[in-house]
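Residue-level structure breakdown
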Amino acid sequence: MILPTLRQLQYLKFLAEHGSFGKAAEAAHVTQPTLSAGVQELEKILGGPVVDRARSGVILTALGEAALAKAVTILNEAEDLVQSARNAGQPLTGRFRLGVIPTVAPFLLPKALPLLRSRFPKLRLFLREDLTHRLIALLKAGQLDAALIALPYDMSGLAHAHVSDDELLAALPSSHPLANQAAAPSSAMESDELILLEDGHCLRDHALAACRINPSRANADEESFAATSLPTLVQMVGSGLGVTFLPAMAVAAGLTETADVAVMPLEAGHPSREIVVAWRSGSSRALEGRLLAETLRGA
């Protein structure tokens, strides 16, 4: 039986990612005829077309989609093999692609990056900041080596190492009747105008769970406010538009220092999110993921 080469599988992956032979050839650092010939050979081996060719670009066929799913797994394993061999005895050296969610990146990384540079001077860290669901997709597709995210979240197909527990605090306008209290009751947070981050931020779900608020209730009012980032959220609360939850990590980093807000713990439960480093289950980057988590704990 003739088997596809890794290079042919890479060509298929690049075609799926870029949608044209020209751009796929650029990504593969080969000429377009070379890539086209490689795809044609792959089609002969698989017994059918993997792409439909049109003036607007290429679209994967059903066979192409099925082959791509297998190809991604094979290429990830091959890359893990190479990285494992290169890094044998020297973890966290060379390129490492780390995804970070936006409610963690600006508050933890300024302290963590100097530690990483000091402990692993040969590490070439490439950072990508994005929402959790997109980072997880990139991680599973082999486009990231690890991701710094917050739990709870669906971790099927992933392994992780603990970094820290990050308490969720109540944030109220300074003029709020509870602003001088030592702690805020959850009932007050639910009854006031609750402002959260836009849908898609995992912190939104963690905040709703903190007060046991049904997500459908939070979305019921079409006039309700939502913020695109934590700094915007703080300014909205400081302007008297409502109340919110903030991660203690962000508050400790000075997020509320210039805003007219009062920050306090909740009276009961002390809800928190768990910050972890996640990687693909079975990946050879597991040791590096644990080392990364250990270093981040020190920050």
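Just so you know, these numbers come straight off a predicted model, no measurement behind them. (Residues numbered from 1 in each chain as written. Predicted model: local features only at pLDDT ≥ 70, side-chain atom pairs only at ≥ 80, totals over all residues. Heavy atoms only, no water.)

**Digging into the overall build of the protein chain**
The condition is simple: Secondary structure is summarised from DSSP: a helix means a run of H or I of at least four residues, a strand means a run of E of at least two, and numbering begins at the N terminus for each. Burial status follows relative accessibility: with a 1.4 Å probe on protein chains alone, a residue under 20% of its type maximum counts as buried, one over 50% as exposed, and anything between as partly exposed. By definition in these notes, contact holds between two residues if any of their heavy atoms fall within 4.5 Å.
What the protein chain contains, in helices and strands, is 12 helices and 11 strands. Along the first, second and third principal axes, the C-alpha atoms of the protein chain reach 75 × 50 × 30 Å. A total of 299 residues make up the protein chain; the buried ones form 48% of that total. The long-range share in the protein chain, meaning contacts at least 24 apart out of those at least 6 apart in sequence, stands at 73%.

**Some thoughts on the pattern of salt bridges**
Test applied: The working definition used for a salt bridge is a side-chain nitrogen of Lys or Arg within 4 Å of a carboxyl oxygen of Asp or Glu.
In this structure the tally under the stated criterion is 10 salt bridges. A salt bridge links Arg128 to Asp130; its shortest N-O distance comes to 3.5 Å. Owing to a relative accessible area of 41%, Arg128 belongs among the partly exposed residues under this scheme. Among the charged side chains, a salt-bridge network with shared partners connects Glu79, Arg95, Arg97, Asp145, Arg285 and Glu288.

**Quick look at the nonpolar core**
Under the convention used in this document: Nonpolar cores were defined as sets of buried Ala, Val, Leu, Ile, Met, Phe, Trp, Tyr and Cys residues, with membership established by side-chain atoms within 4.5 Å.
Residues Val104, Leu148, Ile149, Leu230, Val277 and Leu296 are the most contacted members of the largest nonpolar core, which totals 57 residues. When near neighbours in sequence (up to four residues on either side) are disregarded, Leu296 contacts Leu108, Ala112, Leu148, Val163 and Val277. Residues Ala28, Val58, Leu68 and Ala71 belong to the second largest nonpolar core, which totals 21 residues.

**What about the environment of Pro4?**
The topology assignment puts Pro4 in the segment before helix H1 (6-18). Residue class for Pro4 comes out partly exposed when judged on its relative accessible area of 30%. Along the sequence, Pro4 and Ala25 sit 21 residues apart, while their C-alpha atoms lie 18 Å from each other.

**Details of helix H12 (residues 286-298)**
What counts, and what does not: Each helix should span, by expectation, one fewer than its residue count multiplied by 1.5 Å.
With 13 residues, H12 extends 19 Å between its outermost C-alpha atoms, agreeing within 8% with the 18 Å of an ideal straight helix rising 1.5 Å per residue. What H12 keeps buried is the set Ala286, Glu288, Gly289, Leu291, Leu292, Ala293, Thr295 and Leu296. Residues of H12 that are buried make contact with strand S3 (94-100), helix H5 (105-119), strand S5 (146-151), strand S6 (158-173) and strand S11 (272-280).

**Notes on the pairing of strand S4 (residues 123-129)**
What counts is decided by this rule: At least two bridges found by DSSP between two strands is the condition for calling them paired.
Pairing analysis gives 7 bridges linking S3 to S4, with the strands arranged parallel. Residue pairing in the sheet places Arg97 in a bridge with Phe126 of S4.

**Remarks on the confidence of the model for the protein chain**
Here is the rule: For every residue, the predictor reports its confidence as pLDDT, a number between 0 and 100.
With 93% of its residues at a pLDDT of 70 or more, the protein chain has an overall mean of 88. Across the protein chain, the element-wise mean pLDDT spans from 49 in helix H9 (residues 215-218) up to 95 in S5.

**Details of unusual backbone geometry**
With an omega of 10 degrees, the peptide bond between Leu151 and Pro152 qualifies as cis. By secondary structure assignment, the location of Pro152 is in the loop between S5 and S6. Notably, His29 is not glycine yet its phi reads approximately 60 degrees, a positive angle. Examined against the element boundaries, His29 turns out to sit in the loop between helix H2 (21-28) and helix H3 (32-46). Of note, Leu92 is a non-glycine position whose phi angle comes to about 55 degrees, a positive value. By the element assignment, Leu92 lies in the loop between helix H4 (62-86) and S3.

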